[in-house]
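Observations on the three-dimensional arrangement
Listed below are the residues making up each chain.
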Amino acid sequence: MKEGGRKVWIGIALIAVALLLLPFALSLAGTAWVRIANLALLYVLLALGLNIVVGFAGLLDLGYIAFYAVGAYVYALLASPHFGLHLPFWVILPIGAAVAALFGVMLGAPTLKLRGDYLAIVTLGFGEIVRIFLNNLSQPVNITRGPQGIAGIDPVRIGGIDFSKSDSLLGAVISGPMKYYYLLLVLMLAIVLINVRLQNSRIGRAWEAIREDETAARAMGIDTTALKLLAFAMGASFGGVAGGMFSAIQGFISPESFVLVESVMVVSMVVLGGMGNIAGVILGALLLSFVPEVLRWTVEPAQRALFGKMLIEPEVIRMLIFGLALVLVMLFRPAGLLPSAVRRRELTDDRAA
Amino acid sequence: MGFPVLLEVRGLEVSYGGIHAVKGVDLEVREGELVCLIGANGAGKSTTLRAVCGLLPARAGSVRYGGTDIAGVAMHELPRRGLVMVPEGRGIFPQLTVQENLAMGAYTRNDAGIAEDIERRYETFPRLKERRTQVAGTLSGGEQQMLAMGRALMARPKLLLLDEPSMGLAPRLVAKIFEIVRQIASQGVTILLVEQNARLALEVANRGYVMESGNITLSGEAEGLLESPKVREAYLGETA
């Protein structure tokens, strides 16, 4: 027991050291890779947020990227020359989370009685509505600047540290993207902790019951209305936090960043990794955000080396391989790469039945 | 019967999917009683039960439980007040284990006696104990019904509403389920049982109501109803 406990701690310590050193290793290959790692971490935040709605409560949400958009625009409006507001990061992030949560309830409340496919269609529409609003809210009052997007968004500043500039610490150069990496890592840890605590709580068990059988859950005394809204609000608020970070890191946002494909991407991450399993969802998010980048950097040189010219665009191959990977996972591991305990049972049941 | 009335339904009317399914039902259940509501398929029995527990809105009439009107009370509030329903088709959580299902039944409780209560359920249902770590969806129909009843008991109900517990079960199992219903009643739980299997229901019940196309057409002591020529002809398949 003690031996096992020590091994776990050594494992955690090794992973922590690896995560702390990773940006240094990546920056050897180019700062672009640190940026890619940051984007991957943003997707992890999104996937963990969506996992609450889809994995825990079983509500299929295909418009999740709307909350990411809301968080991003809240940050951009409160910290850019557009309105001349420059609120600090630690003020905006909670506001972004709260506004996104409000949007979550706005989506949740009218869809309480919908299930499965019907809910998926409405959420899909909701995601598009939010994007189209952002695209058109430049008139009569210019709020979002429409398709032009908002530029010059403030980077994160904490104390005297400006996250858009490099600093040196103990002789090592710490670039802006590296600072964001650490900030995102902290946020991810916080969200993972919240997820773990939720999963093993009374709320988590109630969500499980709702996912299995909503009427029976009500008969058990579970307030399904409140708990479904809570799932939407919590999932949305994590999306809002991720959106705020996205704004700060990019410095520029426009409605184009929040298209349907992005929602589908996040759902795919959750499904591919293993709905309801936190480790699985993280794995899914990392895979689906890193592998395409790796392909982008390898497909073109490989073709040039083989055929002397480029035959197929990397983007096309990316989607081909992406599609193939999803089909293979659905065929051979329908519950995801790292299924949750419950989904794994589901799988074995199907075989028994 | 000198016991206080626990559930009192007056003039209940329910429309469901455009059909006026329940057209003014009066019934009452006293503390400690086992009352059955019998009738043919489509007579409105289950609709009545669903309206009582807030799953369907009532069009007219009142439902009083323990002296208070529960017409506008949300379904999830009722277990806290001791009114627990076992839905038709059992409504177990198929991907959760037997033990997890039972624990979910105690959702509204936060006292220390939950683990002890689960053990008590296993004494009543030894089959469930054998399968405690098994996923509920893999249980047989009879076992699922036992689990649904065991889970409902976890909320420590005063009044248990059973919706067609015999549905889809083999005759041997039906007898077993009714034996369990009788056993639960003998432990002091008041029961309102909705059943198509009129004979078995009347055999275990103290009193019965007969429902026909949305109305109560007969009521009385269960023994009397069993003897009634009308019931014998219509529901027990005997020619008088």
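Here we summarise the structure given alongside this text. A quick note: this is a predicted structure, and the numbers were derived from the prediction, not measured. (Residues numbered from 1 in each chain as written. Chains lettered and ligands numbered in written order. Predicted model: local features only at pLDDT ≥ 70, side-chain atom pairs only at ≥ 80, totals over all residues. Heavy atoms only, no water.)

Another point: the overall build of chain B. Each helix and strand counted, chain B has 9 helices and 10 strands in total. Relative to its length of 240 residues, chain B is compact, with a C-alpha radius of gyration of 17 Å against a globular reference of 18 Å. Its C-alpha atoms give chain B principal-axis dimensions of roughly 45 × 40 × 40 Å. Taking all 240 residues of chain B together, the buried fraction comes to 53%. A sequence separation of at least 24 residues applies to 67% of the contacts in chain B between residues at least 6 apart. Per element, the accessible surface of chain B, about 9,900 Å² overall, is 48% carbon and sulfur. If the 27 positive side-chain charges of chain B are averaged to one point and the 28 negative ones to another, these points end up 3 Å apart. (Helix = DSSP H or I, 4+ residues; strand = E, 2+ residues; numbered from the N terminus. Rg over C-alpha atoms; globule rule 2.2 N^0.38 Å. Buried < 20%, exposed > 50% of the residue type's maximum accessible area, 1.4 Å probe, protein only. Contact = heavy atoms within 4.5 Å. Areas by Shrake-Rupley, 256 points an atom, 1.4 Å probe, with all protein chains shown as cover. Lys, Arg positive; Asp, Glu negative; His and termini not counted. Charge placed at Lys NZ, Arg CZ, Asp CG, Glu CD.)

Right, let's talk about the pattern of salt bridges for a bit. All names here are of chain B. Across all of its chains, the model carries 24 salt bridges over all chains by this definition. Among the ionic pairs, E13 bridges to R59, the shortest N-O distance being 3.9 Å. Of the two residues, E13 is situated in strand 1 (residues 5-16) and R59 in the loop between helix 1 (45-52) and strand 4 (60-65); the sequence distance between them amounts to 46 residues. For R59, a relative accessible area of 53% corresponds to the exposed category. (Salt bridge = Lys/Arg side-chain N within 4 Å of Asp/Glu carboxyl O.)

Let's shift gears to the interface of chain B and chain A. Counting residues at the interface gives 24 residues for chain B, matched by 21 residues for chain A. Interface area lost by chain B to chain A is led by H76(B), Q95(B) and Y107(B), which between them contribute 35%. Run the count over chain B and chain A and you get 0 salt bridges. Our enumeration of links across chain B and chain A arrives at 4 residue pairs in polar contact (both at pLDDT 80 or more). Sorting the residues of the side of chain B that touches chain A by element identifies strand 6 (83-86) and helix 2 (98-105) of chain B as the ones contributing at least two each. (Buried area = accessible area lost by both parts, 1.4 Å probe. Polar contact = N/O pair within 3.5 Å; in protein donor to acceptor, adjacent residues only side chain to side chain.)

What follows concerns empty space enclosed by the protein. Taken as a whole and assessed by the stated rule, the structure comprises 1 cavity of 30 Å³ or more. Around the largest cavity, the lining residues are R218(A), A219(A), C53(B), M75(B), L78(B), P79(B), L83(B) and M85(B). Elements with a minimum of two residues in the lining of the largest cavity: helix 8 (214-219) of chain A together with strand 6 of chain B. Split into classes, the residues belonging to the lining of the largest cavity amount to 7 nonpolar, no polar and 1 charged. (1 Å grid on protein atoms, 1.4 Å probe; cavity = no way out; pocket = protein on both sides within 12 Å on 5 of 7 lines; lining within 4 Å. Points joined across faces, edges and corners; volume = space filled by probe spheres on them. Nonpolar A, V, L, I, M, F, W, Y, C, P; charged D, E, K, R; others polar.)

An α-helical segment advances 3.6 residues per turn. Residues three or four places apart therefore align on the same side. Helix length check: helix 3 (residues 65-78) of chain A (14 residues) gives 20 Å between terminal C-alpha atoms against 20 Å at 1.5 Å per residue, within 8%. Summarising burial for helix 3 of chain A: 14 of the 14 residues are buried, a large majority. (Expected span 1.5 Å × (residues − 1).)

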